[in-house]
Every structure is written in C-alpha cells, then in structure tokens.
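Structural overview
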Amino acid sequence: MGCYLAALPIQYEREALPNPVRRRIALKAPAKKKLAVLVPFRDRFEELLEFIPHMYNFLNKQKIPFHIFIVQQKDNNRFNRASLINVGFIYTEKEFDYIAMHDVDLLPLNDNLKYDYPIAGPMHISSPQTHPKYHYETFIGGILLVKNEHYKLVNGMSNNYWGWGLEDDEFYVRLKDANFSVARPSNITTGIDDTFRHIHDKTYRKRDMRKCFNQRDVTRRRDRKTGLEDVQYKLLSTHNVAVDGLDFTVLNVKLICDKNRTPWCQCPEPVKPSPVKSKP
C-alpha cells in the first residue's frame, strides 16, 4: 500500500516511589493514530503537483503519521466525490484510524490548523469563518476529519451525488441525525484571505452544475438508502507514485451507476441551437 510517515516514539523517565532501592521506570508515549488523507480526484494534475509537497511539509511539522491516497475516478460517469471517499475509506480502514476528506485545491497555510485524531467527533478544518469561498454555518466541505468508527456509524456518504455540489451538505445532516457535533479549530487569527490557499481556477476548470431528470429534487433530501455499505465500484489498479521523492498512492476506480436510481450520473450537454443564417 505504500509507506506512511510515523512520528518517532518519545520516552519519558520518572523516579519510583521512595524505596531503599531506587529504580527508574521508563514510560513510552502512546503511538499516534494514523491518518489516511483521501483526495477524490479527476484530471487535476497541476493542483496535485502543488498539493503533495505542501501537505507533506504541513503534516510533517505536526508529526502526524499519514499517507495520501488519490482516489481517481476512471469512468465515463460524472464526477462523484462522495462515492470516491467511500471507496477510499474501504481501502484504508484496516490500516488507518481516521480519514481526512480533502479537496486537492485547498491548501492549509496556518500551522494552528491541527490534523490530530478527532476523538470526540468530526473536526471541520476549513470552517466557514476561514474558507476562502463558503461561509454558511452548516458548511463542512473542503477538509473534514472523521475517525473510522464515526464514519461507519453514519454509513459513510450518499452515493446519489453525480456532478458538483451538495454531497457534503447531506453528510452534515447524517452527522446531525447521529447526534454528532462538528468541531472547528479555535484561536485561528487568520481570516478568509490567508488561512488557506484555494488553487481552483473556475475559468480553467468549470464545475459541472448541470441538473438532469429528477436530480434536483432527490439530492436536496436526506438519503436514507445509500452509503458506505452499497457503493458500487471496481478497483481497476493501484500505483505507488512519488512527486519530488514524496510517496503517495493512486487508486484508479471505476464507479458503477444504477441508472434506474440515479439516471443523472450521465447528463448530456445541452445542444446549442445552430445560428440562424441570414438570407442573402
């Protein structure tokens, strides 16, 4: 699967209780929990070349044991961020303790944004107060840390969201229904202009905002049927890759669409009317 960076074990020493024979007891600090950084991905190689070295530098400073997994969609369907995260979780859950759902185009800049194990509940790193673009209170997109037990408890993310947007809003409702409170970083003195670097160029990479069939109605409701347990996919291949000597893993995934349930997984581009030629 590739390697991850592990923090060196730290040893402490203390004197035992008063005793004619003085002894010293060595105590080892508990091993840190391991983080799988899951990056849903398609055709964003320029951003990836910036993301890998930036995240290595950022997480190494925090001594977080981590490995980056690029979950790349390799099919003809529309992009499905939530299903890719479900697949990444299935692949990593046995060897890692928690996940970061991480957009490839959002780079943390403030070292006080801690990626530590979210023991009490999900930790939303890119809060509405500091995200460069989204500022509504229930926003949990961008970067979200969830420990394995909690992700499984809510059955992961809905598989209904083909195209761009709303899958994180539905996940927020799942967390709320499970009585989880989403925590956010405190004592962050930077703001929306200097807490993150957002490297998405909307003029170069247009978001797929199309709506087909009854997509608009279905994707604005809580999905109580699909999730981690029924994501349909085929893992085509895995590759251990390096950028500037920094290792990460690419999972090439074919997502399988049930067109009876979500026919909008393929949404034809609207046909533009032909220009009317004027008569000579």
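In every chain, residue numbers begin from 1 and rise along the written sequence. Given that the model is predicted, a residue must reach a pLDDT of at least 70 before its local features are reported, and side-chain atom pairs must reach 80 or more before they are shown or counted; all residues, however, enter totals for whole chains, interfaces and linings. Hydrogens and water molecules were not included; the side-chain quantities draw on all heavy atoms of the structure.

**Quick notes on the layout of surface pockets**
- If you add up the space inside the largest pocket, you get close to 890 Å³.
- Only DSSP runs of H or I with at least four residues qualify as helices, and only runs of E with at least two residues qualify as strands; both kinds are numbered from the N terminus onward. When residues of the lining of the largest pocket are assigned to their parent elements, the largest contribution, three residues, is made by helix α4 (residues 167-177).
- Its residues assigned to classes, the lining of the largest pocket comprises 13 nonpolar, 10 polar and 17 charged. Only protein atoms enter the 1 Å grid used here. Points where a 1.4 Å probe fits but cannot escape make up a cavity, open sets with protein on both sides within 12 Å along at least five of seven lines make up a pocket, and a residue lines them when an atom lies within 4 Å of a point. Grid points are joined across faces, edges and corners, and a volume is the space filled by probe spheres set on the points. Here the term charged refers only to Asp, Glu, Lys and Arg, the term nonpolar to Ala, Val, Leu, Ile, Met, Phe, Trp, Tyr, Cys and Pro, and the term polar to all other amino acids, Gly among them.

**Examining the state of the cysteines**
- Disulfides are defined as pairs of cysteine sulfur atoms found within 2.5 Å of each other. Applying the stated rule across the entire model yields two disulfides.
- A disulfide bridge connects C212 with C267, and the sulfur atoms are separated by 1.6 Å. Judged by the sign of its S-S torsion, about 50 degrees, the cystine formed by C212 and C267 is right-handed. Placement of the pair is C212 in the loop between β9 (196-198) and α5 (215-218) and C267 in the segment after β11 (246-255), with a sequence separation of 55 residues.

**Description of the nonpolar core**
- Residues L35, F51, L59, I68 and Y115 are the most contacted members of the largest nonpolar core, which totals 31 residues.
- Counting only elements with at least two residues in this core, the list comes to β3 (35-41), α1 (45-61), β4 (66-73), β5 (98-102), β6 (106-108), β8 (143-147) and β11.
- In terms of residue count, the dominant contributor to this core is α1 (seven residues).
- In this description, contact between two residues means that some pair of their heavy atoms is separated by no more than 4.5 Å. Once you skip the residues sitting within four places of it in the chain, I68 turns out to touch V37, V39, F51, I52, M55, Y56, F248 and T249.
- We call a set of buried Ala, Val, Leu, Ile, Met, Phe, Trp, Tyr and Cys residues a nonpolar core when their side-chain atoms join them within 4.5 Å. Partly exposed residues are those whose accessible area sits between 20% and 50% of the maximum for their type, while under 20% is buried and over 50% is exposed, using a 1.4 Å probe and protein chains only. By size, the runner-up hydrophobic cluster in this structure holds 19 residues, among which are A36, I99, M101 and L228.

**What to know about the environment of Y91**
- Along the chain, Y91 turns up in helix α2 (residues 81-92).
- Among the residues examined, Y91 registers a relative accessible area of 25% and is labelled partly exposed.
- Put simply, Y91 and L251 are 160 residues apart on the chain and 9.0 Å apart in space, counted from C-alpha to C-alpha.

**What to know about unusual backbone geometry**
- Although it is not a glycine, K63 adopts a positive phi angle of roughly 55 degrees.
- We classify K63 as exposed; its relative accessible area is 54%.
- With a phi close to 60 degrees, N187 is a non-glycine residue in the positive phi region.
- When you line up the elements, N187 lands in the loop between α4 and β9.

**Comments concerning α1**
- Helix span, expected: 1.5 Å multiplied by one less than the number of residues in the helix. Helix length check: α1 (17 residues) gives 25 Å between terminal C-alpha atoms against 24 Å at 1.5 Å per residue, within 8%.
- If you check which residues of α1 are buried, you get E47, L48, F51, I52, M55, Y56, F58 and L59.
- Among the structural elements, β3, β4, β5, β6, β10 (233-243) and β11 are those in contact with the buried residues of α1.
- Among the residues trailing α1, K63 stands out with phi positive, at a value near 55 degrees.

**Some thoughts on the pairing of β3**
- In terms of residue burial, β3 counts as a mostly covered element, since seven of its seven residues are buried.
- Along β3, one buried face is formed by L35, V37, V39 and F41 and the opposite face, lined by A36, L38 and P40, is buried too.
- Across seven bridges, β3 lies against β4 in parallel orientation. Across the sheet, the residue bridging to V37 is I68, located in β4.
- When the strands point away from the viewer, a crossover counts as right-handed if the route from the first strand across the helix to the second turns clockwise. Regarding topology, α1 serves as the crossover connection from β3 to the parallel β4, and that connection is right-handed.
- Of the pairings in the sheet, the one linking β3 to β5 comprises four bridges and is parallel in character. The residue bridging A36 from the neighbouring strand is I99, located in β5. Here, any two strands with at least 2 DSSP bridges between them count as paired.

**Examining the side chain of N148**
- Tracing the sequence through the fold places N148 in helix α3 (residues 148-153).
- We classify N148 as buried; its relative accessible area is 8%.

Any link to function would need more than the numbers given here.
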